Amino acid sequence: MPEVIFNGPAGRLEGRYQPAKKKGAPIAIILHPHPQFGGTMNNQIVYSLFYTYVNRGFAVLRFNFRGVGRSQGSFDHGHGELSDAAAALDWVQSLNPDARSCWIAGVSFGAWIGMQLLMRRPEIEGFLSIAAMANRYDFSFLAPCPSSGLFVHGSEDRVAPAKDVISVIEKVKTQKGIVLEHAVIDGANHFFDGKIEELMQTVDAYLDKRIGTPHEDAA
């Protein structure tokens, strides 16, 4: 898994990139939790999501938002981080011009950024939003949500309670054929401590349904 440095709007961004083995493979971008609360691309959930997509034959990038690790710049309350995510997608697309589709996955703060990117980039056909902070950030921009995806929360999440996300999902209007799914991991907190295996089982079951099992695309 090569370490990469690519240009972002506020300077260089640090990432980890795994190219796909097949030409035309889909691409995925993984976005980490809040930079001011210890969120980095090495977060355990981000790491697990990264390899879930790698195992499915995707070209996958996870990276540090501005001001995190070796990424230049400083925290910008979501505005600059959205620009970072767009630059990351541009960079991966430049390496994979034949990619047939694109997915975005975000954790906590990263889920909020990912959903905003989804609204701006019509090529994103699926998303995973893990522990989206619907109580702290406004998700009303999802009007209508252009792609199907999965929201996952922990039943014991005190940072971003599941009920707030369910309320967002119920309010979101979707385009024809778009389905928003929601899963709750029983007993899990905001960080899915001790529950990451269950979280990934839920994610994998959803991806199996949407894009097929790993052995069909990988190798």
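Residues numbered from 1 in each chain as written. Predicted model: local features only at pLDDT ≥ 70, side-chain atom pairs only at ≥ 80, totals over all residues. Heavy atoms only, no water.

Enquirer: Would you mind going over the overall build of the protein in detail, with residue names and values included?
Expert: Within the protein, the secondary structure is distributed over 6 helices and 8 strands. Seen in sequence order, the protein has helices and strands lined up from the N terminus as β-β-β-α-β-α-β-α-β-β-α-β-α-α. In terms of overall size, the protein behaves like a compact globule, its C-alpha atoms giving a radius of gyration of 16 Å where 219 residues would be expected to give roughly 17 Å. Along the first, second and third principal axes, the C-alpha atoms of the protein reach 40 × 40 × 35 Å. Split into buried and exposed, the 219 residues of the protein put 54% on the buried side. Of the roughly 9600 Å² of accessible surface on the protein, a fraction of 49% belongs to carbon and sulfur atoms. Here the protein holds 21 positive side-chain charges and 23 negative ones, and the gap between their average locations is 4 Å. (Helix = DSSP H or I, 4+ residues; strand = E, 2+ residues; numbered from the N terminus. Rg over C-alpha atoms; globule rule 2.2 N^0.38 Å. Buried < 20%, exposed > 50% of the residue type's maximum accessible area, 1.4 Å probe, protein only. Areas by Shrake-Rupley, 256 points an atom, 1.4 Å probe, with all protein chains shown as cover. Lys, Arg positive; Asp, Glu negative; His and termini not counted. Charge placed at Lys NZ, Arg CZ, Asp CG, Glu CD.)

Enquirer: Summarise unusual backbone geometry; cite the residues concerned and give the values.
Expert: Cis peptide bonds are those with omega within 30 degrees of zero, and the linkage from Ala143 to Pro144 qualifies with -10 degrees. By the secondary structure assignment, Pro144 is in the loop between strand S6 (124–130) and strand S7 (148–154). The backbone of His77 shows a phi angle near 55 degrees, a positive value even though the residue is not glycine. Relative to the helices and strands, His77 is located in the loop between strand S4 (59–63) and helix H2 (79–95). One non-glycine residue, Phe192, lies in positive phi territory at about 55 degrees.

Enquirer: Give a detailed account of the nonpolar core, specifying residues and quantitative values.
Expert: Residues Leu61, Phe63 and Phe139 are the most contacted members of the largest nonpolar core, which totals 44 residues. No other element matches helix H3 (residues 109–120), which puts 7 residues into this core. Core analysis: the second largest hydrophobic core is formed by 28 residues, Phe58, Leu150, Ala183 and Ala188 among them. (Core = buried A, V, L, I, M, F, W, Y, C linked by side-chain atoms within 4.5 Å.)

Enquirer: How would you explain the layout of surface pockets if you had to name every residue and give the values?
Expert: Take a probe with the size of a water molecule and roll it over the atoms, and the empty space left behind shows itself. Of the volumes computed, that of the largest pocket is approximately 240 Å³. Around the largest pocket, the lining is made up of 16 residues, and of these Pro33, Phe37, Ser108, His190 and Phe191 lie nearest the centre. Looking at the lining of the largest pocket residue by residue, the classes come out as 8 nonpolar, 7 polar and 1 charged. (1 Å grid on protein atoms, 1.4 Å probe; cavity = no way out; pocket = protein on both sides within 12 Å on 5 of 7 lines; lining within 4 Å. Points joined across faces, edges and corners; volume = space filled by probe spheres on them. Nonpolar A, V, L, I, M, F, W, Y, C, P; charged D, E, K, R; others polar.)

Enquirer: Give a description of the pairing of S4 that names residues and reports values.
Expert: Note on strand geometry: in a regular strand, side chains alternate between the two faces of the sheet. Burial analysis of S4 places 5 of its 5 residues in the buried class, the great majority of the element. Burial along S4 is two-sided: Ala59, Leu61 and Phe63 and Val60 and Arg62, pointing in opposite directions, are all buried. Here strand S2 (residues 11–18) runs beside S4; their pairing, made up of 4 bridges, is antiparallel. What sits directly across from Arg16, in S4, is Arg62. In terms of strand pairing, strand S3 (residues 27–31) meets S4 through 4 bridges, oriented parallel. Paired with Ile27 across the bridge in S4 is Ala59. With helix H1 (residues 44–54) bridging S3 and the parallel S4, this β-α-β connection has right-handed handedness. (Pairing = 2+ DSSP bridges. Right-handed = clockwise from strand over helix to strand, strands pointing away.)

Enquirer: How would you explain the UniProt feature "domain: Xaa-Pro dipeptidyl-peptidase-like" (unreviewed entry) in the protein if you had to name every residue and give the values?
Expert: The feature "domain: Xaa-Pro dipeptidyl-peptidase-like" (unreviewed entry), as annotated in UniProt, sits at residues 17–138 in this numbering. For residues 17–138, the end-to-end C-alpha separation is 30 Å, with 33% helix and 20% strand making up the annotated structure. (UniProt positions renumbered as here; feature names shortened; annotations may be inferred.)

Enquirer: Residues and numbers for the pattern of salt bridges, please.
Expert: With the rule as written, the count across this model stands at 14 salt bridges. Asp90 serves as the salt-bridge partner of Arg121, at 2.7 Å between the closest nitrogen and oxygen. With a gap of 31 residues between them, Arg121 in the loop between H3 and S6 and Asp90 in helix H2 connect regions that are remote in the sequence. Residue classification places Asp90 among the partly exposed positions, given a relative accessible area of 42%. The partner of Arg158 in a salt bridge is Glu156, and the shortest N-O contact between them spans 2.9 Å. With a relative accessible area of 63%, Arg158 lands in the exposed category. Sharing partners across several salt bridges, the network here consists of Glu3, Glu14, Arg16 and Arg70. (Salt bridge = Lys/Arg side-chain N within 4 Å of Asp/Glu carboxyl O.)

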